[in-house]
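Close look at the chain arrangement
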Amino acid sequence: MSNEANMHGHAEVITHHEVHHDEHHVHHHKETFITKYIFSQDHKTIGKQFLITGIVWAIIGGLFSVLFRLQLGFPEQTFPILETFFGKWAAGGVIQPEFYYALVTIHGTVLVFFVLTAGLSGTFANLLIPLQIGARDMASPFLNMLSYWFFFIASVIMFSSLFVHTGPASGGWTIYPPLSALHQAGQGSKIGMDLWLISMAMFIVSSLLGGLNYITTILNMRTKGMSMTRMPLTMWAILFTAVLGVLSFPVLLSGAILLLFDRNLGTSFYLSDIYVAGQILPNEGGSAILFQHLFWFLGHPEVYIILLPAMGMVSEILSVNSRKPIFGYMAMVGSLFAITILAFLVWAHHMFVTGLNPFLGAFFVLLTLLIAVPSAIKVFNWLTTLWRGNIRFTPGMLFAIGFVSLFISGGLTGLFLGNSTIDIHLHDTKFVVAHFHIVMGVASMFGMHAGIYHWFPKMFGRYLNHTLGYIHFWITMVGAYLIFWPMHYEGLAGVPRRYLDLRDWHAFNKFDDLNKMITVVSIIVFAAQLMFVFNFFYSIFKGRKVRTQNPWGSNTLEWTTPINPGHGNWPGEIPEVHRWAYDYGKDGREFIPQTEPIGPNESTDH
């Protein structure tokens with residue numbers, strides 16, 4: 001009945017892959033529970049730690065979105081249970097304005113950084129890099145372990161900010177000064193803001209440790225025969241992601257530290273000529289716009305730090321489940337490279353309404369629209385990979401196809417916002433919320449789900465329940481469009497984002513029923529994610545066991561390891577690579593693993 005069961009016959013071809021045992025390669029030592037599961041230096045375990053921490057944060061971030069959707073959808077109603085949980089922040093069962101802004105802030109922060117950056121890159125870079133390039137582990141397993149624990153410390157600090165007396169940070173996930181730079185600006189600008197900034201500093205250290213490790217491992221530790229052009233596209237995507245992170249995250253770190261200085265040491269990097277409650281502050285010479293430059297110089301590459309690993313995994317999953325070679329391998333690598341370069345040159349399109357010189361704005365409009373070209377190349381190649389393929393609709397494949405759909409539809413709305421003239425009207429409206437949630441948030445989440453469903457058998461030696469996977473996909477796919485597509489129309493009508501109650505605007509009353517619908521759908525979609533979480537943790541212990549080494553009939557090296565690989569991945573010598581990763585449907589064969597030498601009569605074209 002299941003897809004992978006149909007291929008067991010094919011998979012057995014390489015189950016007995018010839019391995020030369022050499023006891024000098026793998027050093028076994030007695031591991032305790034703490035060294036194996038907590039302070040582990042095994043890249044596979046660290047990947048699982050990132051994933052499970054990311055899932056916890058995804059539940060928290062998703063729950064916060066449901067709470068503020070309740071406020072937006074039913075602003076006239078009271079929910080006494082909210083007061084039970086949040087006390088003064090939801091007095092009378094109504095979310096207070098200050099707390100509403102805090103919910104929006106923490107929701108954005110944890111989903112963008114803690115789930116889609118650390119949860120996505122941290123999980124799949126750690127899991128796949130050594131397995132797909134043929135390495136025992138990362139270049140520095142110790143630094144790899146530290147990268148997780150810095151992320152964990154950042155998580156603890158961010159989580160603790162939810163419990164301080166004055167509440168968590170509430171300056172929006174972009175934390176613009178002067179609101180974030182002045183303690184007296186509001187409750188959410190007190191200790192909660194300091195904790196937010198310290199947490200992000202720890203998070204950035206984690207990302208830098210991880211990124212340097214990923215780059216070093218991919219460039220220096222590939223197995224014999226694994227040239228750069230034989231690497232799976234997942235590896236190229238993770239390499240470029242790590243480069244983006246290493247070059248751009250330090251800029252946000254400097255921005256955050258300078259903001260801490262302004263808040264606590266009396267400096268004026270971002271403050272000048274400020275009046276608070278009639279009082280003139282002594283700060284002079286700073287510029288709030290400087291913070292925007294520093295933030296968005298990371299903030300736009302951050303979009304691709306989130307998207308690129310998803311793009312790489314989707315390329316892999318589409319090819320494996322279409323039983324076809326990926327279309328235009330070198331064009332895909334080139335487009336990843338182009339996106340990496342252009343990502344650094346477009347940050348000011350987030351700042352068209354800051355009084356930016358129109359001539360400078362035109363330069364950023366051009367570069368912003370130019371980045372659509374490599375993105376379009378990727379979409380074209382994904383669609384041509386699917387074209388006339390022998391497609392297997394596994395849950396992972398459905399999420400990969402869903403990613404392509406969301407990337408296309410969400411990306412098209414970016415053409416509106418990339419034009420400075422139109423952006424002046426649409427900036428800070430629901431149109432922006434709709435655009436970046438579809439193209440970055442939901443699409444990347446689909447890439448993450450695709451990766452989890454596809455590589456879960458390699459992570460845990462068991463399968464996720466496919467029936468629950470199909471239900472999860474269809475509810476999430478339909479729900480994502482029902483939630484975010486109508487927001488484009490609200491944005492075109494001028495409905496502002498981050499406002500907790502729109503009843504005083506008669507022009508916006510016509511969207512009341514639409515907002516109720518969006519809220520109800522968001523609750524249903526959140527429930528579907530909880531079902532996935534149940535499926536995930538249940539399947540780790542009780543899922544159907546993997547019986548074959550290569551359940552998907554894939555060519556890449558991770559499926560040549562044992563079903564439950566130990567620390568070191570291969571029990572004997574690391575296999576040698578003889579071909580690229582996408583020999584599917586070639587010379588009458590369904591798939592040819594990378595480890596198989598090229599035969600004398602084999603066609604050599606890709």
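Residues numbered from 1 in each chain as written. Predicted model: local features only at pLDDT ≥ 70, side-chain atom pairs only at ≥ 80, totals over all residues. Heavy atoms only, no water.

A look at the overall build of the protein
In terms of regular secondary structure, the protein is built from 19 helices and 4 strands. Against the 2.2 N^0.38 benchmark of 25 Å for 606 residues, the protein shows a C-alpha radius of gyration of 25 Å, consistent with a compact globule. Considering only C-alpha atoms, the protein reaches an extent of 85 × 55 × 50 Å along its principal axes. When burial is assessed residue by residue, the protein has 59% of its 606 residues classed as buried. For the protein, the share of sequence-separated contacts (at least 6 apart) that also reach a separation of at least 24 residues comes to 79%. Total accessible area on the protein stands at roughly 23,900 Å², and carbon and sulfur atoms take up 68% of it. Positive and negative charge centroids in the protein, built from 32 and 33 side chains respectively, lie 6 Å apart. (Helix = DSSP H or I, 4+ residues; strand = E, 2+ residues; numbered from the N terminus. Rg over C-alpha atoms; globule rule 2.2 N^0.38 Å. Buried < 20%, exposed > 50% of the residue type's maximum accessible area, 1.4 Å probe, protein only. Contact = heavy atoms within 4.5 Å. Areas by Shrake-Rupley, 256 points an atom, 1.4 Å probe, with all protein chains shown as cover. Lys, Arg positive; Asp, Glu negative; His and termini not counted. Charge placed at Lys NZ, Arg CZ, Asp CG, Glu CD.)

Some words on the pattern of salt bridges
Under the criterion given, the structure shown has 10 salt bridges. In this structure, Arg263 and Asp194 form a salt bridge, with 2.8 Å as the shortest nitrogen-oxygen distance. Taken together, the positions of Arg263 in helix H10 (residues 233–264) and Asp194 in helix H9 (residues 191–220) put the pair 69 residues apart, joining distant regions of the chain. Like Arg263, the residue Asp194 is buried in the burial classification. Note that Arg579 is salt-bridged to Asp583, the shortest N-O span being 2.8 Å. Residue class for Arg579 comes out buried when judged on its relative accessible area of 2%. On the basis of relative accessibility, which here comes to 4%, the residue Asp583 falls in the buried class. Where salt bridges share partners, they join Arg579, Asp583 and Lys586 into one cluster. (Salt bridge = Lys/Arg side-chain N within 4 Å of Asp/Glu carboxyl O.)

Details of the packing of aromatic side chains
Applying the stated criterion across every chain, the model contains 55 aromatic pairs. For the pair Phe159 and Phe163, a centre-to-centre distance of 5.1 Å together with 70° between the ring planes defines the contact as edge-to-face. On the basis of relative accessible area, Phe159 is assigned to the partly exposed category, the value being 35%. Relative accessible area serves as the criterion here: at 59%, Phe163 is assigned to the exposed category. Judged by centre distance (5.9 Å) and plane angle (90°), the rings of Trp173 and Trp296 are edge-to-face. Separated by 123 residues along the polypeptide, Trp173 in the loop between helix H8 (141–160) and H9 and Trp296 in helix H11 (residues 288–322) bring together distant segments of the chain. Across the pair, exposure class does not vary: Trp173 and Trp296 are buried alike. Positioned over the ring face of Trp89 is Lys88, at 4.9 Å from the centre of the ring. (Phe/Tyr/Trp six-rings, centres within 6.5 Å; stacked < 30°, edge-to-face > 60°. Lys NZ or Arg CZ within 6 Å of the ring centre and 35° of its normal.)

Focus on H11
Three- or four-residue spacings in an α-helix give side chains the same orientation, since the helix completes a turn every 3.6 residues. An ideal rise of 1.5 Å per residue puts 51 Å on 35 residues; H11 measures up with 50 Å between its terminal C-alpha atoms. Residue Trp296 marks the point of greatest curvature in H11, where the axis turns by about 30°. Of all 35 residues that make up H11, 30 are buried, and the element is covered over most of its length. For H11, the N-terminal cap is Ser287; the gap from its side-chain oxygen to the backbone nitrogen of Ile289 is 3.2 Å. (Expected span 1.5 Å × (residues − 1). Bend = angle between axes of the 7 residues up to and from the residue. Polar contact = N/O pair within 3.5 Å; in protein donor to acceptor, adjacent residues only side chain to side chain.)

A look at the nonpolar core
Residues Phe113, Phe114, Phe124, Phe203, Trp382, Phe403 and Phe536 are the most contacted members of the largest nonpolar core, which totals 177 residues. In terms of residue count, H11 provides more of this core than any other element does, 18 residues in total. If we ignore the near neighbours within four places in the chain, the residues touching Phe536 are Leu51, Ile52, Ile55, Ile452, Phe456, Phe460 and Leu464. (Core = buried A, V, L, I, M, F, W, Y, C linked by side-chain atoms within 4.5 Å.)

Some points on the packing of H8 against H9
What describes two packed helices is the angle between their axes and the distance between those same axes. With their axes 8 Å apart at the nearest point, H8 and H9 run at an angle of 165° to one another. The pairing of H8 with H9 is recorded here as roughly antiparallel in orientation. In the packing of H8 onto H9, the handedness of the crossing is left-handed. (Axes fitted to C-alpha atoms, helices over the stretch in contact; angles between N-to-C directions. Parallel < 35°, antiparallel > 145°, perpendicular 65-115°, else oblique. Left-handed = near helix turned anticlockwise from the far one by under 90°.)

Comments concerning the confidence of the model for the protein
Any region with low pLDDT has predicted coordinates that should not be read closely. In this model, the protein carries a mean pLDDT of 91, and residues with pLDDT of at least 70 account for 95%. Note on residues 1–28: pLDDT is under 50 here. Beyond four places in sequence and across chains, it has 47 contacts. (pLDDT = per-residue confidence, 0-100.)

A look at a nonpolar patch on the surface
A surface patch of nonpolar side chains, about 560 Å² in accessible area, is lined by Leu369, Leu383, Ile408, Leu412, Leu415, Phe416 and Ile422. Here the element with the most residues in the nonpolar patch is helix H15 (residues 395–417); it accounts for 4 residues. Within the secondary structure, Leu383 is located in helix H14 (residues 372–386). (Patch = residues over 30% accessible without salt bridge, like charges linked within 9 Å, V, L, I, M, F, W, Y side chains within 5 Å.)

Concerning the environment of Ala185
By the secondary structure assignment, Ala185 is in the loop between H8 and H9. Assessed through its relative accessible area of 38%, Ala185 is described here as partly exposed.

Regarding helix H6 (residues 97–115)
With 19 residues, H6 extends 26 Å between its outermost C-alpha atoms, agreeing within 8% with the 27 Å of an ideal straight helix rising 1.5 Å per residue. Taken across its 19 residues, H6 has 16 buried, putting it largely inside the fold.

Thoughts on the packing of H11 against helix H17 (residues 430–460)
Here H11 crosses H17 at 45°, and the two axes come no closer than 9 Å. Regarding the angle of H11 to H17, the classification is oblique. Seen from above, H11 lies across H17 with left-handed handedness. Facing Val303, Ile306, Leu307, Ala310, Met313, Val314, Glu316, Ile317, Val320 and Asn321 of H11, the residues of H17 in contact are Val439, Met440, Ser444, Gly447, Met448, Ala450, Gly451, His454 and Trp455. In terms of residue class, the contact of H11 with H17 is made up of 13 nonpolar, 5 polar and 1 charged. (Nonpolar A, V, L, I, M, F, W, Y, C, P; charged D, E, K, R; others polar.)

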